[in-house]
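As a plain string of letters, each chain reads:
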Amino acid sequence: MEESSFIDQPRGVRAGEELNEQNLASYLRTHLPNLEAALTVKQFPSGFSNLTYLLKFGDRQLVLRRPPIGAKIKTAHDMGREFRILSHLHPVYPKVPEPLLFCEDETVIGAPFYVMERVRGIILRAQSPEGSELTPQTMRRLSRAFVENLVEIHAIDYRGAGLGDLGSPQGYVHRQIEGWTKRYYNAQTDDVREIDQLADWLRTHLPHDSPGALIHNDYKYDNLVLSSEDIARVIAVLDWEMATIGDPLMDLGTTLGYWVESTDSEEWQRSGFVLTRLPGNLSRKQVVDYYAEKSGREIGDATFYYAYGLLKIAVIVQQIYFRYKQGLTTDSRFAGLGSLVKACGRQAERAVEGGII
């Protein structure tokens, strides 16, 4: 399988999101070895959260991450925290990019940032690349490997890795429902009845907390780097900005929220998060069952975790849409996100009314 047809291709930097290349090159050469060649900067166009750039010094390729323009949500865009997570994870879970440098001096590029080695491989986005070989057999193997890797993450000895203070699992479920609900209303731009009802339903159906684990909190196909030799082999997990210590079933719920099926409503299929609707993928129910089998955890009411995942996605989208409406970002991709918030609410309503995932 040709890696080049699947790999994210960096492009020119979007207007308003440029880096001070002279300052950056000088800073990096001072702190990292073997960067004598001229610096060229491009931007990875995918993703709606932290901004990600490709830095090339000749043949050396690095990746830089910085907060989005206009973001005020410090805990969601804390570069130092994300760098620390990668630094502690890499020795015990090598499926993360190797972190190299964190800079909190905002005079360099206007914001804190960190730099890591680039991991080359396949990244599956929302659309199948032309000429792809994503057969039903391939997608079945991949979806099973995807679940197995999530179980592996949840089994990491986070205390042994020095991440025991990353979060508190006690009361995690309650805090998440209250926290995401508050964030939604703080960023609200339109009245969405379905989101109001979803928040109320979640508050009245809280399950008990599961034993704590390291959770990724944004685990989906397009945050994985897959082997170009075997697409069913995960070689790296990206975007650890929301990772914490919490309830692993809530992490599973976030994954379910992104898991669109071919039998879902046409509106929800148009959301097109990731390629889970292709033939051969496990269904959401099969994801839950396989996770339970491989992890040995009791799932309980999977509908609750799925509904939570949909609320969380709706809030993340709403926060981005709010920034767009306030003029804090001019990225044209954000103009239609209000309709996606409503679609999340309607999908949750269908799930709750049917008591299904």
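In what follows, the accompanying structure is described. (Residues numbered from 1 in each chain as written. Predicted model: local features only at pLDDT ≥ 70, side-chain atom pairs only at ≥ 80, totals over all residues. Heavy atoms only, no water.)

Attention now moves to the packing of helix α4 (residues 172-186) against helix α5 (residues 193-203). Running from N to C, α4 and α5 point in directions that differ by 160°, and their axes come no closer than 10 Å. The angle between the axes of α4 and α5 places the two elements in the roughly antiparallel class. For the pair α4 and α5, the sense of crossing is left-handed. Residue-level inspection shows Ile-177, Glu-178, Thr-181, Tyr-184 and Tyr-185 of α4 in contact with α5, the latter providing Ile-195, Asp-196, Ala-199, Leu-202 and Arg-203. Residue composition of the contact of α4 with α5, grouped by class: six nonpolar, one polar and three charged. (Axes fitted to C-alpha atoms, helices over the stretch in contact; angles between N-to-C directions. Helix = DSSP H or I, 4+ residues; strand = E, 2+ residues; numbered from the N terminus. Parallel < 35°, antiparallel > 145°, perpendicular 65-115°, else oblique. Left-handed = near helix turned anticlockwise from the far one by under 90°. Contact = heavy atoms within 4.5 Å. Nonpolar A, V, L, I, M, F, W, Y, C, P; charged D, E, K, R; others polar.)

What follows is about the packing of aromatic side chains. Taken as a whole and assessed by the stated rule, the structure comprises 13 aromatic pairs. Both rings, one in Tyr-93 and one in Trp-240, keep their centres 6.3 Å apart while their planes meet at 70°; by these two values the pair is edge-to-face. Note that Tyr-93 is positioned in the loop between α2 (79-89) and β4 (99-103) and Trp-240 in the loop between β8 (234-237) and β9 (244-246), a separation of 147 residues in sequence. On the basis of relative accessibility, which here comes to 1%, the residue Trp-240 falls in the buried class. An aromatic cluster is built from Phe-146, Tyr-219, Tyr-221 and Trp-259, whose rings are joined through pairwise contacts. Arg-183 extends its terminal NZ or CZ atom over the ring of Trp-180, reaching a point 4.4 Å from the ring centre. In this structure, Lys-220 packs its charged tip against the face of Tyr-258, placed 4.9 Å from the ring centre. (Phe/Tyr/Trp six-rings, centres within 6.5 Å; stacked < 30°, edge-to-face > 60°. Buried < 20%, exposed > 50% of the residue type's maximum accessible area, 1.4 Å probe, protein only. Lys NZ or Arg CZ within 6 Å of the ring centre and 35° of its normal.)

Right, let's get into the sheet that holds strand β5 (residues 113-117). Sheets are built from strands paired through backbone hydrogen bonds, the pairs being either parallel or antiparallel. Read across the sheet, five strands follow the order β1-β2-β3-β5-β4 without closing on themselves; strand pairing throughout is antiparallel. The open sheet has two edge strands, β1 (39-43) and β4, and neither has a second partner. Strand after strand, the sheet turns through a mean of 25° between neighbouring axes, direction not considered. Bridging between β4 and β5 involves four bridges; their strand directions are antiparallel. For Pro-99, the partnering residue across the bridge sits in β5 and is Met-116. The sheet strands contacting α2 are β3 (60-66), β4 and β5, and the helix crosses β4 at an angle near 160°. (Pairing = 2+ DSSP bridges.)

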